[in-house]
Amino acid sequence: MRVLVVEDELYMAEAIRDGLRLEAIAADLAGDGDTALELLSVNSYDLAVLDRDIPGPSGDQIAEHIVASGSGMPILMLTAADQLDDKASGFGLGADDYLTKPFDLRELVLRLRALDRRRAHNRPPVRELAGLKLDPFRREVFRNGRYVALTRKQFAVLEVLIAAEGGVVSAEELLERAWDENADPFTNAVRITVSALRKRLGEPWVIATVAGVGYRIDPTGGDERAVGAAHG
């Protein structure tokens, strides 16, 4: 999951970003409305967390922009205003959920996951492919009935690969979806994470590398030696 967090209080924004990362949720930060609009124009996000009172175009205007785009991106609004009228106006602008400051980070994570499940209501909550079963809500992975313990980053990478349903996912896209905009495009993090993930899943290798293109879930197995050819 990749989230845009629009919050002008730097300390709070960084705390939210760091907390979400611990939950394998990639988060990009925008400290003002203009930056938020710019990020929305160049990146694809699953959810938006908007502070209503920000410099430049307000959080309300950002919400209107998202709704007008027709993307269907869920919006969670953050605000210090806790009056019912304030919440009503936020929902009227297209917000899907509302969280009043101060809040517990765990509650924010639970609400974001709930919004993501609602957004993806047309997809089965548990995804299965090539003997793999991934439960995004319980954060569990099984291969042929055997539980596989994964790190948060490994889980995030596998989630992207399974969602592609056998299609090739480039290293750049994995970096974008499972990390965030601050990730170094020249890093070997993708190669290292995919290699470790394949070993965790065990033989026969289920993640194949399409040389020079990317990675895919391959029910027939892949070639461990090919890992890294698509990135680095």
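Residues numbered from 1 in each chain as written. Predicted model: local features only at pLDDT ≥ 70, side-chain atom pairs only at ≥ 80, totals over all residues. Heavy atoms only, no water.

**Looking at the pattern of salt bridges**
Our working definition: By definition, a salt bridge exists where a carboxyl oxygen of Asp or Glu is found within 4 Å of a side-chain nitrogen of Lys or Arg. Counting from the N terminus, the helices are the DSSP runs of H or I reaching at least four residues and the strands are the DSSP runs of E reaching at least two. Any residue under 20% of the maximum accessible area for its type is buried, any over 50% is exposed, and the rest in between are partly exposed; the area is computed with a 1.4 Å probe on protein chains only.
Counted under the stated rule, the structure contains eleven salt bridges. In this structure, the salt-bridge partner of R2 is D28, at a minimum N-O distance of 2.5 Å. Of this pair, R2 sits in strand β1 (residues 2–6) while D28 sits in strand β2 (residues 26–30); the two residues are 26 residues apart in sequence, bridging distant segments of the chain. Comparing R2 with D28, the two get one shared label, buried. Residues D218 and R216 are paired through a salt bridge, measuring 3.8 Å at the closest nitrogen-oxygen approach.

**Considerations on the packing of helix α1 (residues 10–22) against helix α5 (residues 105–119)**
Filter applied, for reference: To get an axis, a line is fitted to the C-alpha atoms, and for a helix only the part in contact is used. The angle between two axes follows their N-to-C directions and goes from 0 to 180 degrees. Convention used here: angles under 35 degrees read as roughly parallel, angles over 145 as roughly antiparallel, angles from 65 to 115 as roughly perpendicular, and any remaining angle as oblique. Left-handed describes a crossing whose near helix is turned anticlockwise from the far helix by less than a right angle; the clockwise case is right-handed. The contact criterion used throughout is that any non-hydrogen atoms of two residues lie within 4.5 Å. Each residue gets one of three labels, nonpolar for Ala, Val, Leu, Ile, Met, Phe, Trp, Tyr, Cys and Pro, charged for Asp, Glu, Lys and Arg, and polar for the others, Gly among them.
The geometry of α1 relative to α5 is characterised by a closest axis approach of 10 Å and an angle of 60° between their N-to-C directions. One finds that α1 runs oblique with respect to α5. You can see that α1 and α5 cross each other, and the crossing is right-handed. Within the contact between the two elements, α1 uses A15, I16, G19 and L20 and α5 uses L105, L108, V109 and L112. Grouping the amino acids of the contact of α1 with α5 by side-chain chemistry returns seven nonpolar, one polar and no charged.

**Considerations on the environment of A95**
Mapped onto the secondary structure, A95 falls in the loop between α4 (84–92) and β5 (97–100). Residue classification places A95 among the buried residues on the basis of a relative accessible area of 9%. With 22 residues separating them along the chain, A95 and M73 place their C-alpha atoms 9.8 Å apart.

**Some thoughts on the side chain of R127**
Formally: Under the convention used here, Asp and Glu are negative, Lys and Arg are positive, and both His and the chain ends fall outside the count.
Here R127 lies in strand β6 (residues 127–129). For the buried R127, which has no salt bridge, the nearest side chain bearing the opposite charge is E159, at an N-O separation of 4.6 Å. Those residues within four positions of R127 in sequence are excluded, and the remaining contacts are L132, K133, L134, E159, I162 and A163.

**Quick notes on the pairing of strand β10 (residues 207–210)**
Basically, it comes down to this: At least two DSSP bridges between two strands are required for those strands to pair.
In the sheet, β10 pairs with strand β11 (residues 214–217) via four bridges, with the strands oriented antiparallel. Bridging across to β11, T209 finds its partner in Y215. Between β10 and β11, which pair antiparallel and follow one another directly, the connecting turn spans three residues, one of which, G212, has a positive phi of 80°.

**A look at helix α3 (residues 59–69)**
Stated precisely, the cut-off is as follows: Regarding the arc, it is the one traced by the directions from the helix axis to the C-beta atoms.
Along α3, the residues that are buried comprise G59, I62, A63 and I66. Down the axis of α3, the buried set is contained in an arc of 100°. They therefore lie on one face. One or two residues past the end of α3 sits G70, with phi positive at roughly 75°.

**Observations concerning helix α7 (residues 171–178)**
Helical periodicity: at 3.6 residues per turn, an α-helix aligns residues three or four positions apart in one direction. Those residues of α7 not exposed but buried are A171, L174, L175, R177 and A178. Packing partners of the buried residues in α7 comprise β1, β2, α6 (152–163), α8 (189–201) and β11.

**Considering the packing of aromatic side chains**
Applicable threshold: Under the pairing criterion, centres of Phe, Tyr and Trp rings, with the six-membered ring standing for Trp, must be within 6.5 Å; the plane angle then separates stacked pairs below 30 degrees from edge-to-face pairs above 60, leaving the rest tilted.
One pass over the full model with this rule turns up one aromatic pair. Here the aromatic rings of F142 and Y147 are separated by 5.6 Å at their centres, their planes lie at 65°, and the arrangement is edge-to-face.

**Describing the sheet that holds strand β4 (residues 75–79)**
The five strands lie next to each other as β2-β1-β3-β4-β5, forming an open sheet whose pairing is parallel. The sheet terminates laterally at β2 and β5, the two strands that pair on one side only. Averaged over all adjacent pairs, the angle separating strand axes in this sheet is 20°, with direction ignored. As paired strands, β1 and β2 are joined by five bridges and run parallel to one another. Bridging from a neighbouring strand, V6 pairs with A30 of β2. The sheet strands contacting helix α2 (residues 33–42) are β1 and β2, and the helix crosses β2 at an angle near 140°.

Geometric descriptors of this kind do not, in isolation, establish any biological role.
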